[in-house]
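Residues per chain are reported as follows:
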Amino acid sequence: ILLVSFIALGEILKACDTEPSTSYYSVGDYYDDGTKQGVVFQVWDDGRHGKIVSLDQEKLQWCTTAQYDKGIVVGASSKSDGWANTDAIMSRLDSAEYPAFAWCRAKGDEWYLPAIDELRIFLLDDSVHNAVNRTLKQQDATMLSAAGVIELYWSSTEKDEFCAWYAHMNDGYASRGNKLYYSYVCAVSAF
């Protein structure tokens, strides 16, 4: 009888088990899943999945002087996959010598330095940039630099042993810059 009761209880619980509600997001929405927070800058699958940018930013070097002087190409060459670029750096024994990457990954394993094409979406597309900044302001978070302001944001995309790609806020385009420059860094994560 006890065995039958456990089986019956299991069937009842199974019948009551419902799929968790799915959230749908749009560009500019605040995202908080209880473990990470950010602002949505890209969506797909009708808003069930996408990418968020962190609520903060920091001015950092792409790599330290010690690494720069070695003239190393680290293989972070993807223009569209910042996750792969960040993993290429963070799997190195000397990953602490790459401050921009280390800062992003310190937020958690799901965070990374965006590739240049990802960076272009939330920095150089005016409608996305404005939507993200509205939400950052509402959250009392650090807003992205305004268009036309002379500020640079690092991407994870390496150009060669001495340069990597960054976005110029003053003229709205991407260019390569010396890895030693202190430029802004934002972290990105997928959901």
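J.: Which residues make up the nonpolar core, and what values do they have?
T.: If you look at the biggest cluster of nonpolar residues, it comprises 24 residues, and the most contacted ones within it are Trp62, Ile89, Tyr98, Leu113 and Val185. Breaking this core down by element, the ones donating at least two residues are α4 (99-105) and β7 (163-168). For this core, the element with the highest residue contribution is α4, accounting for 4 residues. When near neighbours in sequence (up to four residues on either side) are disregarded, isoleucine 89 contacts Trp62, Val74, Ala76, Ser95, Tyr98 and Phe101. Grouped together as the second largest cluster of nonpolar side chains are 21 residues, Ile116, Val128, Val132 and Ala174 included.

J.: Residues and numbers for the pairing of strand β6 (residues 152-158), please.
T.: Across the 7 residues that make up β6, a large majority, 6, are buried. Examined bridge by bridge, β6 and β7 share 4 bridges and lie antiparallel to one another. Bridge pairing in β7 links tyrosine 153 to alanine 167. Between β6 and β7, which follow one another and run antiparallel, lie 4 residues.

J.: Kindly report on the sheet that holds strand β2 (residues 37-44), identifying the contributing residues and their values.
T.: The antiparallel open sheet is built from 5 strands, whose spatial order is β1-β2-β3-β10-β5. With one partner strand each, in any of the chains shown, β1 (30-32) and β5 (111-112) form the two edges of the open sheet. Direction of pairing for β2 relative to strand β3 (residues 49-53): antiparallel, over a ladder of 5 bridges. Within β3, the residue paired with valine 40 across the bridge is isoleucine 52.

J.: Tell me about the packing of aromatic side chains, and name the residues and values.
T.: Aromatic rings in a pair are described by how distant their centres are and how their planes are angled relative to each other. Inspection of every chain in the model, using the stated rule, returns 11 aromatic pairs. The interplanar angle of 80° and the centroid separation of 6.4 Å between the aromatic rings of tyrosine 98 and phenylalanine 101 together place this pair among those described as edge-to-face. The residues tyrosine 98 and phenylalanine 101 share a single accessibility class, namely buried. Through a chain of ring-to-ring contacts, three or more aromatic side chains come together here, namely Tyr25, Tyr31 and Phe191. The ring of tryptophan 83 has arginine 105 lying over it, and the distance from NZ or CZ to the ring centre is 4.8 Å. It is lysine 107 that lies over the ring of tryptophan 103; its NZ or CZ is 4.5 Å from the centre.

Conventions and cut-offs
Residues numbered from 1 in each chain as written. Predicted model: local features only at pLDDT ≥ 70, side-chain atom pairs only at ≥ 80, totals over all residues. Heavy atoms only, no water. Core = buried A, V, L, I, M, F, W, Y, C linked by side-chain atoms within 4.5 Å. Buried < 20%, exposed > 50% of the residue type's maximum accessible area, 1.4 Å probe, protein only. Helix = DSSP H or I, 4+ residues; strand = E, 2+ residues; numbered from the N terminus. Contact = heavy atoms within 4.5 Å. Pairing = 2+ DSSP bridges. Phe/Tyr/Trp six-rings, centres within 6.5 Å; stacked < 30°, edge-to-face > 60°. Lys NZ or Arg CZ within 6 Å of the ring centre and 35° of its normal.

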